[in-house]
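Single-letter residue listing:
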Amino acid sequence: LDRVAIVEGPPTFNNPECFDSRTRGWYSPNGVWEIGQPQGGPNADYDGSRCAGTDMDNYYPYGASARLITAPMTLPASAQLRFFHWYSFAGGDYGRVQISVSDGAWQNLAGPFINQSGTWSQYIASLAAYAGQSVRFAFLLQDNSDGAQDWGWYIDCFRIQGMSEIQPSAPVFTSVDY
């Protein structure tokens, strides 16, 4: 185990979240996602010193099906989802942005992102259809198990535009390196 934190109370979402320090409320159930400085793929984060990505120094693992998930939040009426991402997927592998409303099933919100982005790019989407609802977001990396891997997906500067900014107070995210 590495970088384990025990936190009391409900998880808090930092808005914006650029993963540079004291990341709160994000988790990855199976440890494929990490937070740090990329050593491959884009070779640098978009802004600051760290980002979230699928293995900071290697290709994503064979057969990976992994989500990076936010803490729950209630969306305001005019919210927009904004983030920067860089990706490089092999074969039929892909990434999707997903949303869960009131802890329900995951629904696809954006993607599939396939092939390579070539550079960091911004993604923007309206969240008006989810105004006033409690939601969580997930970045899903899906490997189709054809035996080919690549650098994966890197996320930086995640923001819900129209929602108050929240300042971090303690680290929560942990990643487990196998």
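Just so it is clear, the model here is predicted, and its values are computed rather than measured.

Engineer: Let's hear about the overall build of the protein chain: which residues, and what values?
Structural biologist: Within the protein chain one finds 0 helices and 10 strands. The secondary structure elements of the protein chain, listed N-terminal to C-terminal, are β-β-β-β-β-β-β-β-β-β. The buried share of the protein chain, taken over its 178 residues, is 46%. Considering only residue pairs separated by 6 or more positions, the protein chain has 78% of its internal contacts joining residues 24 or more positions apart. Summed over its atoms, the accessible surface of the protein chain is roughly 8100 Å², and 47% of this surface lies on carbon and sulfur atoms.

Engineer: Let's hear about the sheet that holds strand S10 (residues 152-161): which residues, and what values?
Structural biologist: Sheets are built from strands paired through backbone hydrogen bonds, the pairs being either parallel or antiparallel. Judged by pairing direction, the sheet is antiparallel, and its 5 strands sit side by side in the order S1-S2-S10-S5-S8 without closing on themselves. Lying at the two open borders of the sheet, with one neighbouring strand each, are strand S1 (33-36) and strand S8 (121-126). Across the sheet, the axes of successive neighbouring strands diverge by a mean angle of 30 degrees, strand direction being ignored. Pairing geometry for strand S2 (residues 51-54) and S10, over 2 bridges, is antiparallel.

Engineer: Break down the confidence of the model for the protein chain for me, with residues and values.
Structural biologist: Per-residue confidence for the protein chain averages 86 on the pLDDT scale, and 85% of its residues sit at or above 70. For the protein chain, the element scoring lowest by mean pLDDT is strand S4 (residues 73-74), at 92; strand S6 (residues 94-101) scores highest, at 98. Confidence drops under pLDDT 50 across residues 167-178; counting only partners more than four residues distant or on other chains, this segment forms 42 contacts.

Engineer: Just give me the short version of the state of the cysteines, but keep the residues and values in it.
Structural biologist: Tallied over the entire structure, the rule returns 0 disulfides. No disulfide involves Cys51; its sulfur sits 9.5 Å from that of Cys157, the nearest cysteine. Take Cys51: its relative accessible area is 0%, and that puts it in the buried class.

Engineer: Could you give me a rundown of the pairing of strand S5 (residues 80-88), with the residues and numbers involved?
Structural biologist: When you tally the buried positions in S5, you get 7 out of 9 residues, the bulk of the element. Both S5 and S8 contribute to a ladder of 6 bridges, which runs antiparallel. Among the inter-strand pairings, Leu81 is bridged to a residue of S8, identified as Ala125. Sheet topology note: the S5/S10 ladder contains 8 bridges and is antiparallel.

Engineer: Describe the side chain of Asp93, with residues and values.
Structural biologist: Mapped onto the fold, Asp93 is located in the loop between S5 and S6. In this structure Asp93 is buried but unpaired, with Arg96 as the nearest side chain of opposite charge at 12 Å. Residue contacts for Asp93: discarding those within four places in its chain leaves Tyr60, Phe113, Ile114, Gln142, Asp143, Asn144, Ser145 and Ala148.

Engineer: Which residues make up the nonpolar core, and what values do they have?
Structural biologist: Judged by nonpolar contacts, the single largest core of 36 residues is most densely connected at Leu75, Phe137, Phe139, Trp153, Phe158 and Ile160. Elements represented by at least two residues in this core include exactly S1, strand S3 (65-69), S5, S6, strand S7 (107-113), strand S9 (134-142) and S10.

The rules behind these values
- Residues numbered from 1 in each chain as written.
- Predicted model: local features only at pLDDT ≥ 70, side-chain atom pairs only at ≥ 80, totals over all residues.
- Heavy atoms only, no water.
- Helix = DSSP H or I, 4+ residues; strand = E, 2+ residues; numbered from the N terminus.
- Buried < 20%, exposed > 50% of the residue type's maximum accessible area, 1.4 Å probe, protein only.
- Contact = heavy atoms within 4.5 Å.
- Areas by Shrake-Rupley, 256 points an atom, 1.4 Å probe, with all protein chains shown as cover.
- Pairing = 2+ DSSP bridges.
- Axes fitted to C-alpha atoms, helices over the stretch in contact; angles between N-to-C directions.
- pLDDT = per-residue confidence, 0-100.
- Disulfide = S-S within 2.5 Å.
- Lys, Arg positive; Asp, Glu negative; His and termini not counted.
- Salt bridge = Lys/Arg side-chain N within 4 Å of Asp/Glu carboxyl O.
- Core = buried A, V, L, I, M, F, W, Y, C linked by side-chain atoms within 4.5 Å.

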